[in-house]
Each structure stands twice: as C-alpha cells, then as structure tokens.
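The primary structure of each chain is shown beneath.
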Amino acid sequence: MKLLRVQVPQFRVLKDVDLSFEKDFVPSIFPLGSLNGGGKSTLLQLIFGLLHCSSDPERLPYLQNLLASFKVKNSEEMQTIAKFEILDDDQVFEVEFLSFHKESVKSESFNILLESEINPETKRKQVIKTSGTLDIFTETISSFLKRKNMLYITYFLTRKYGTDLVNYPCALACKINSLNQVINIQTFLKNLSNKIFLIAPSSQVFHFIEKEQTRLLFNKEKAYSQYQISLDEVKTNLPNFFTYDFIAVNQIVKLFENARDKDFQKAVKTGEYGNSYQKLLNDLNLLFSPKKINVTPDLNGVTFKMKIDGEEIELYPEDLSHGELKRISIYAWLKSQNIENSIILMDEIENGFHPDWHYQIISDLEEWSPTNQYILATHSYELCQALTPSHVKELSPKLLK
Ligand SMILES: Nc1ncnc2c1ncn2[C@@H]1O[C@H](COP(=O)(O)OP(=O)(O)OP(=O)(O)O)[C@@H](O)[C@H]1O
Ligand SMILES: [Mg+2]
C-alpha cells in the first residue's frame with residue numbers, strides 16, 4: 001500500500017495542498033518540510049484520521065474531533081476535505097472524502113439535529129446519545145449518499161464559514177473511483193485502515209483528541225500527566241497510533257521471544273536450532289555499537305554492557321540517552337509489530353538525534369523495514385541530504401533556500 005498523492009483544498013492552516021509521492025522513487029521515504037506552523041503535523045493527522053478512523057465505528061469520535069475545525073461553506077453542496085491516490089496491488093484508487101451539510105441534503109433530520117445543537121456543550125453529548133435522532137439522520141443521509149455511489153461515514157459538528165454558527169452538523173462521505181458499491185468502499189477502507197500508521201512525539205497536540213483533553217496540556221495545575229492518561233486511552237483505541245516512548249523494553253523483549261520461538265520451531269521441524277536469536281543480537285549490537293545488548297535470562301528486561309577505562313560496566317534502559325532510547329524504540333516498534341507494506345507517517349523523527357543520526361535514520365528505516373513507505377515531517381537538512389532533492393516535499397510558504 002502506498003500513498004501516491006494527497007490533495008487538501010482547505011483544512012485549518014492547510015490551503016491548496018497537492019503533494020505527490022512518486023511510486024518508483026527509491027527509497028520510498030519522503031521528508032516533508034515547512035516553516036514552523038506550516039501544517040506538517042496537521043497534514044499527517046488529517047491523513048491518519050481519515051484513513052485510519054473512517055472504517056471503524058469505535059474510532060469515529062476521533063474523526064469527529066478532528067473535523068470539528070473543518071470550515072463548511074454554505075455556497076457549496078459538497079466540499080472536498082481531502083483526496084488521496086492510493087496504490088494497492090498495482091492498482092491506483094482515488095479516494096475522496098467529502099462533507100455535506102443540511103442545505104445540500106434537504107433533510108428534516110438534519111434540521112432536528114441542528115435544533116438540538118443550539119446549546120453546544122451540553123447538547124452535543126445528548127445528540128450523540130439520542131439514538132432516535134441519529135438513526136433517522138443516518139438512514140436519510142446514507143440513502144442520499146448511496147444514490148451518489150458514496151459511503152456515509154459519520155456526522156460531525158463544525159463551524160459554518162462566515163457566520164457565528166458553531167456545531168453545525170455535517171456528514172462525512174467517501175467516494176472511490178471504480179468502486180461503485182458501498183460495500184466495496186467499506187472493505188477497501190477497512191483494509192487501508194490497517195496499513196496506515198502515525199508516530200509522533202507524545203508532547204504533540206493531537207487534533208483527534210477531545211479539545212478538553214488537549215487543553216489540559218496548557219493547564220498549569222492539572223497539566224501533563226492527565227494528558228498522558230488520555231493519550232494512553234487514545235492509543236488503545238487507535239491501534240496504529242504510537243508515540244516515541246522511552247520504555248521500549250517490552251517490545252525488545254518481545255523481539256527476543258519471537259526469535260527464541262522461531263529457533264525452537266525450526267529445531268522441532270529439522271532437529272537443528274535456527275539463528276534468529278543470534279541475528280537479532282547482531283542487529284541490535286550494530287545499532288548500539290560499541291555497547292552490547294542482551295536480554296535477561298528470565299526474559300524480564302534487557303541490559304547493556306559497555307567498557308569505560310577498560311572496565312566493563314552493566315547498564316539498564318534507564319541509563320541510556322534520550323536519542324538512544326528513541327532510536328531503539330523506533331526499531332523495536334517496526335520489528336515487533338511486524339509493520340510491512342504500510343504507509344508510515346512520522347512526525348519530528350529527528351528530535352533528540354545528533355545530525356549524524358538525522359542522516360543515518362534514512363538508511364536505518366530502509367534497512368529495518370524496506371517494504372513500507374515513510375513520510376517524515378522534519379526540519380532537518382541532514383535528513384533531507386540522505387535522499388535526492390526530488391524526494392523532499394514542501395508545504396508553502398516554501399522554505400528559504
Ligand atoms: N483552525 C485553524 N485554522 C487555521 N490555522 C490554524 C487553526 N488552528 C491552528 N492553526 C495554525 O496551524 C498551525 C499549526 O500547524 P502544525 O502544527 O501542523 O505546523 P507544523 O508544520 O507541524 O509546525 P512545527 O514544525 O512547528 O511542528 C499553527 O500555526 C496554528 O496557529
Ligand atoms: Mg509539527
């Protein structure tokens with residue numbers, strides 16, 4: 001699965017975005033640059049939100065949170081939120097997400113929904129729970145969109161452009177060229193949702209998290225720890241969303257367990273143990289050279305050995321540096337989750353790395369998991385220099401030379 005093109009007419013700070021990620025470029029790694037506030041994180045989150053959340057009812061609230069800042073124009077019957085070209089098994093699919101509003105649908109149930117939204121904070125929750133209202137609404141909009149060969153995904157509440165109207169109800173729909181049956185669109189989106197990943201720093205503001213939660217980040221008293229709790233909850237609900245965590249120990253242990261099991265299975269089949277454990281050890285030692293890594297015999301943790309003034313000392317994960325931990329956490333994440341043939345969106349990958357490692361991370365990704373496509377939001381010239389200038393994509397206003 002590869003993302004070949006993304007177009008976003010208007011979303012938050014993004015305007016007339018049209019980026020291509022060429023399918024024949026080797027490696028399939030594309031840095032994405034812009035000035036601070038240029039929209040890189042917004043774009044990655046929009047891509048992830050639409051492609052990971054739209055096929056699963058449990059994930060729809062996150063999509064609704066994200067789309068709450070999409071501005072609806074009354075003058076247009078429908079508006080494109082984003083359009084993607086996705087390569088799947090040598091076939092290119094045009095996947096378009098559109099928004100509709102009550103004037104375009106001319107539905108009584110849209111009006112009912114709107115009425116109940118007059119008092120925003122309290123009524124919003126009520127409407128979500130009022131299945132009666134939602135059922136009529138969903139039914140009406142679904143059949144309206146079906147006639148247009150589109151799949152109804154969810155309603156969302158947003159701001160109406162040029163008015164004071166907030167919590168204005170809209171519908172999100174998806175259209176895919178060559179897939180006219182709604183059921184086929186559903187299957188395609190389901191498949192796609194398993195193949196798209198977002199990894200970002202945990203201190204990032206995520207627009208798919210409820211506003212009240214993201215505000216905690218800026219509240220001195222309650223602060224960061226509460227935001228972290230809600231972030232953990234989001235991570236359990238969105239299986240392909242990760243943050244660069246310090247503690248990758250369980251994932252590394254999992255790698256050792258997998259290698260051990262593989263070797264044992266080979267022994268059962270052929271009478272001889274395989275070399276998966278040794279290979280993993282070699283790979284990890286290369287990653288940490290000159291430190292030597294190993295798993296504890298009880299498979300409860302990992303240790304590192306290094307020589308200082310000729311004397312060997314033992315280190316634990318908490319003794320490693322921020323950059324070392326981040327590098328191993330990316331490695332362990334890709335390997336332990338077995339992420340292959342997927343689209344991986346990575347935000348601020350280079351933070352905490354020495355410029356040599358900015359450069360190095362490109363060949364790392366290529367070596368660790370070459371079947372994936374990577375889109376890396378970055379500010380690093382060293383990282384870009386590890387690729388050709390054509391690999392590097394920019395959001396306007398363009399960066400200074
Ligand atoms: N509703 C909105 N409409 C328009 N712009 C918005 C809206 N909300 C936030 N912004 C702006 O969008 C920008 C945030 O963009 P984003 O975080 O995607 O940038 P970035 O390229 O990732 O920046 P950085 O490199 O600093 O991480 C901010 O400048 C913010 O003021
Ligand atoms: Mg950013």
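The structure under discussion appears in the preceding block.
Worth saying up front: this structure is predicted, and the values here are computed from it rather than measured. (Residues numbered from 1 in each chain as written. Chains lettered and ligands numbered in written order. Predicted model: local features only at pLDDT ≥ 70, side-chain atom pairs only at ≥ 80, totals over all residues.)

A.B. asks: I tried to follow the overall build of the protein chain on my own but got confused; where do I start?
C.D. replies: Scanning the protein chain for helices and strands turns up 14 helices and 16 strands. By the burial criterion, 37% of the 401 residues in the protein chain qualify as buried. Restricting to contacts in the protein chain with at least 6 residues of sequence separation, those with at least 24 account for 66%. (Helix = DSSP H or I, 4+ residues; strand = E, 2+ residues; numbered from the N terminus. Buried ≥ 20, exposed ≤ 12 C-beta atoms within 10 Å, placed from the backbone. Contact = placed C-beta atoms within 7 Å.)

A.B. asks: Could you clarify how one ought to interpret the site of ligand 1 in this entry?
C.D. replies: If you check the shell around ligand 1, you find Arg12, Val13, Ser34, Asn36, Gly37, Gly38, Gly39, Lys40, Ser41, Thr42 and Ser69 and nothing else. Residues that form the shell around ligand 1 fall into these classes: one nonpolar, eight polar and two charged. (Near = placed C-beta within 6 Å. Nonpolar A, V, L, I, M, F, W, Y, C, P; charged D, E, K, R; others polar.)

A.B. asks: I tried to follow helix α12 (residues 322–336) on my own but got confused; where do I start?
C.D. replies: An α-helical turn contains 3.6 residues, so a residue and the one three or four places further along point in the same direction. Relative to the 21 Å expected for 15 residues at 1.5 Å per residue, α12 spans 21 Å between its end C-alpha atoms, a close match to the ideal helical length. Along α12, the residues classified as buried are Leu325, Lys326, Arg327, Ile328, Ser329, Ile330, Tyr331, Ala332, Trp333 and Leu334. Asn338 lies just past α12 and shows a positive phi near 55 degrees. (Expected span 1.5 Å × (residues − 1).)

A.B. asks: Could you clarify how one ought to interpret the sheet that holds strand β3 (residues 29–33) in this entry?
C.D. replies: Strand pairing in a sheet relies on backbone hydrogen bonds. The paired strands run either parallel or antiparallel. Reading across the sheet, the six strands line up as β10-β9-β14-β15-β3-β16 and stay open at both edges, with parallel pairing between neighbours. What marks the edges here is a single partner per strand, and that holds for β10 (241–243) and β16 (393–394). (Pairing = 2+ DSSP bridges.)

A.B. asks: Which parts of the structure should I look at to understand unusual backbone geometry?
C.D. replies: Peptide bonds are trans in most cases, and residues, glycine excluded, mostly fall at negative phi. Cis geometry marks the peptide bond from Val26 to Pro27; its omega dihedral reads -5 degrees. With respect to the helices and strands, Pro27 occurs in the loop between β2 (14–20) and β3. In this chain, Ser289 is followed by Pro290 through a cis amide linkage whose omega measures 5 degrees. Within the fold, Pro290 resides in the loop between α11 (276–288) and β11 (292–295). Although it is not a glycine, Asp309 sits at a positive phi angle of roughly 50 degrees. With respect to the helices and strands, Asp309 occurs in the loop between β12 (302–308) and β13 (311–315).

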